[in-house]
Amino acid sequence: MRVGIGYDVHRLKEGRKLILGGVEIPYTLGLEGHSDADVLVHAIMDALLGAAALGDIGKHFPDTEEQYRGISSMKLLAQVEKLLTQKGYVVENIDATIIAQKPKLRPYIEQMEEYVAQVLKISKNQVNIKATTEEGLGFTGRQEGISAQAICSITGLYEGSTIAFDSERKCSNCKGCVK
């Protein structure tokens, strides 16, 4: 089993939609960013990529590339899912927290969990999303931005398997390690 953590933050801004977990939340402010600035999905992607030792979202989806301008973060999450599948990883679970003073997010969390699970091709009970405030403290408490944290566990299809070792207890990939 591998574990990854992710964190993201975006500034709140007028004239933008507020999208969290792929859900458009009715609010007077949205998040500023090159893509749709979905901090929740960005934190989840970073956690997944980190668990697989594949870098971060900036490596895979740089904000200097026009093809990602305004893109749905759910489309990027789908690309991360494909990459994990190609590398032989299975998502075990995701636990994420959105930190925002406003708006209240409880009514939207179940839909966020459903969307994330659908894109990652996992069961909804493998995704847990929470929301909290910072009691008026810090940049999120002053309603200057929203942040999100995520942790995930993934499993490699062949990790821990005796198939990975030959009869001399050497790694089948390099033939020169532990005896």
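Residues numbered from 1 in each chain as written. Predicted model: local features only at pLDDT ≥ 70, side-chain atom pairs only at ≥ 80, totals over all residues. Heavy atoms only, no water.

Caption draft 1: Examining helix H3 (residues 73–86) more closely. Over its 14 residues, H3 extends 20 Å from the first C-alpha to the last, a length consistent with the 20 Å expected when each residue adds 1.5 Å. Buried within H3 are the following residues: Ser-73, Met-74, Leu-76, Leu-77, Val-80, Glu-81, Leu-83 and Leu-84. Summarising the axial view, the buried residues of H3 lie within an arc of 165 degrees, below the 170-degree limit, and thus occupy one face. The exposed residues of H3 that point more than 90 degrees off its buried face are Lys-75, Lys-82 and Gln-86. (Helix = DSSP H or I, 4+ residues; strand = E, 2+ residues; numbered from the N terminus. Expected span 1.5 Å × (residues − 1). Buried < 20%, exposed > 50% of the residue type's maximum accessible area, 1.4 Å probe, protein only. Arc of directions from axis to C-beta.)

Caption draft 2: Spotlight on the packing of H3 against helix H4 (residues 106–120). With their axes 8 Å apart at the nearest point, H3 and H4 run at an angle of 40 degrees to one another. The angle between the axes of H3 and H4 places the two elements in the oblique class. In this structure, H3 contributes Met-74, Leu-77, Ala-78 and Glu-81 to the contact, and H4 contributes Tyr-115, Val-116, Val-119 and Leu-120. Here the contact of H3 with H4 is built from residues that sort into seven nonpolar, no polar and one charged. (Axes fitted to C-alpha atoms, helices over the stretch in contact; angles between N-to-C directions. Parallel < 35°, antiparallel > 145°, perpendicular 65-115°, else oblique. Contact = heavy atoms within 4.5 Å. Nonpolar A, V, L, I, M, F, W, Y, C, P; charged D, E, K, R; others polar.)

Caption draft 3: Broad picture of the environment of Gly-145. As for its placement among the helices and strands, Gly-145 is situated in strand S7 (residues 145–156). With 43 residues separating them along the chain, Gly-145 and Lys-102 place their C-alpha atoms 9.8 Å apart. Those residues in contact with Gly-145 that lie beyond four places of it in its chain are His-10, Arg-11, Leu-12, Phe-139 and Thr-140.

Caption draft 4: Inspection of the pattern of salt bridges at higher detail. This structure, assessed with the given rule, holds eight salt bridges. Between Lys-124 and Glu-113 there is a salt bridge, with its nearest N and O atoms 3.6 Å apart. In this pair, Lys-124 sits in the loop between H4 and strand S6 (127–132) while Glu-113 sits in helix H4, placing the two residues eleven residues apart along the sequence. The structure contains a network of salt bridges with shared partners spanning Arg-11, Lys-13 and Glu-32. (Salt bridge = Lys/Arg side-chain N within 4 Å of Asp/Glu carboxyl O.)

Caption draft 5: Here's a closer look at unusual backbone geometry. Across the junction of Lys-102 and Pro-103, the peptide omega takes the value -5 degrees, indicating a cis bond. Positionally, Pro-103 belongs in the loop between strand S5 (89–99) and H4. The backbone phi angle of Ala-53 is positive, close to 55 degrees, even though this residue is not glycine. Structurally, the position occupied by Ala-53 is in the loop between helix H1 (39–51) and helix H2 (57–60). Residue Ala-53 is classed as exposed on the basis of its relative accessible area, which comes to 60%. Phi at Gln-143 is positive, roughly 60 degrees, even though this residue is not glycine. With respect to the helices, strands and loops of the structure, Gln-143 is situated in the loop between helix H5 (138–141) and S7.

Caption draft 6: Region of interest: the nonpolar core. Among the nonpolar cores identified, the biggest contains 51 residues, and Leu-48 and Leu-77 are the most heavily contacted of them. Ranked by residue count, the leading element in this core is H1, at ten residues. (Core = buried A, V, L, I, M, F, W, Y, C linked by side-chain atoms within 4.5 Å.)

Caption draft 7: Geometry of the pairing of S6. Here S5 runs beside S6; their pairing, made up of six bridges, is parallel. Following the sheet pairing, Thr-97 is matched in S6 by Lys-130. This β-α-β element, S5 to H4 to S6, shows right-handed connectivity. (Pairing = 2+ DSSP bridges. Right-handed = clockwise from strand over helix to strand, strands pointing away.)

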